[in-house]
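# Tertiary structure, described
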Amino acid sequence: VCAQAKYAVRNGYERYGAAAFFSADRSPVGVWIESEERMYTPVDGREWEFAVWRFKCSLVYQSFAVGHLVWVHWSVSNTLVLSVREALEPGHCIRKLCNEFTHGSITINQA
């Protein structure tokens with residue numbers, strides 16, 4: 001997830017983008033922070049803990065960005081809205097039901 005480091009973030013925030021390294025027994029031995037081009041190890045104390053936190057945040061962001069934004073908002077939501085609008089009359093009971101779950105989707109997806 002190091003490629004995330006190229007994206008800018010707001011002032012006061014740290015950049016995403018890190019890689020974790022593990023020993024043969026699956027113990028964490030290092031975290032590479034891409035934006036700093038620096039490797040942190042457990043002997044770095046609090047800096048190590050922060051590096052591990054940044055890796056976890058990068059991993060969660062990577063999962064969220066693809067899994068939620070792309071799949072839920074751009075694929076599922078848009079498909080449902082378009083299908084309902086094109087196939088069902090405005091007063092159709094299924095269209096009314098779907099509206100409860102898709103209300104505001106187009107506005108959110110364009111944000």
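Presented here is a report on the structure given in the accompanying data block. Here the structure is a predicted model, which means the values were calculated and not measured. Numbers given for residues are sequential positions, taken from 1 along each chain in its written order. Given that this is a predicted model, residues contribute local features only at a pLDDT of at least 70 and side-chain atom pairs are listed and counted only at 80 or more, while totals for whole chains, interfaces and linings are drawn from all residues. Side-chain metrics in this entry use all non-hydrogen atoms of the structure; hydrogen atoms and water are not considered.

### Regarding the packing of helix 1 (residues 46-87) against helix 2 (residues 93-102)
To keep things clear, this is the line we draw: For helices, the fitted axis covers only the stretch in contact; all axes are lines through C-alpha atoms, and the angles between them, taken along N-to-C directions, range from 0 to 180 degrees. Secondary structure elements follow DSSP: runs of H or I of four or more residues count as helices, runs of E of two or more count as strands, with numbering from the N terminus. Any angle that falls under 35 degrees is termed roughly parallel, while one over 145 is termed roughly antiparallel, one within 65 to 115 roughly perpendicular, and all others oblique. Left-handed describes a crossing in which the near helix is turned anticlockwise from the far one by less than a right angle; the clockwise case is right-handed. Two residues form a contact once any of their heavy atoms are found within 4.5 Å. Charged means Asp, Glu, Lys or Arg here, nonpolar means Ala, Val, Leu, Ile, Met, Phe, Trp, Tyr, Cys or Pro, and polar covers whatever is left, Gly included.
Running from N to C, helix 1 and helix 2 point in directions that differ by 155 degrees, and their axes come no closer than 10 Å. When the axis of helix 1 is compared with that of helix 2, the two are roughly antiparallel. Judged by the twist between their axes, the crossing of helix 1 over helix 2 is left-handed. Residues Leu 80, Val 81, Val 84 and Arg 85 of helix 1 touch helix 2, and the partners they reach there are Arg 95, Cys 98 and Thr 102. Partitioning the contact of helix 1 with helix 2 into residue classes produces 4 nonpolar, 1 polar and 2 charged.

### Here's the deal with the pairing of strand 1 (residues 18-22)
Going by this rule: Here, strands pair whenever DSSP counts at least two bridges between them.
Bridge count for strand 1 against strand 2 (residues 28-33) is 5 bridges, and the pairing is antiparallel. Counted as the bridge partner of Ala 20 is Val 31 from strand 2.

### A short note on the sheet that holds strand 2
Strand order across the open sheet formed by 3 strands is 1-2-3, with antiparallel pairing between neighbours. The open sheet has two free edges, formed respectively by strand 1 and strand 3 (38-40), since each of these has just one partner strand. Strand-to-strand, the axes of this sheet are offset by a mean angle of 20 degrees, without reference to chain direction. Seen against the sheet, helix 1 touches strand 1, strand 2 and strand 3 and runs at an angle of roughly 70 degrees to strand 2.

The values reported here are purely geometric and, on their own, carry no functional implication.
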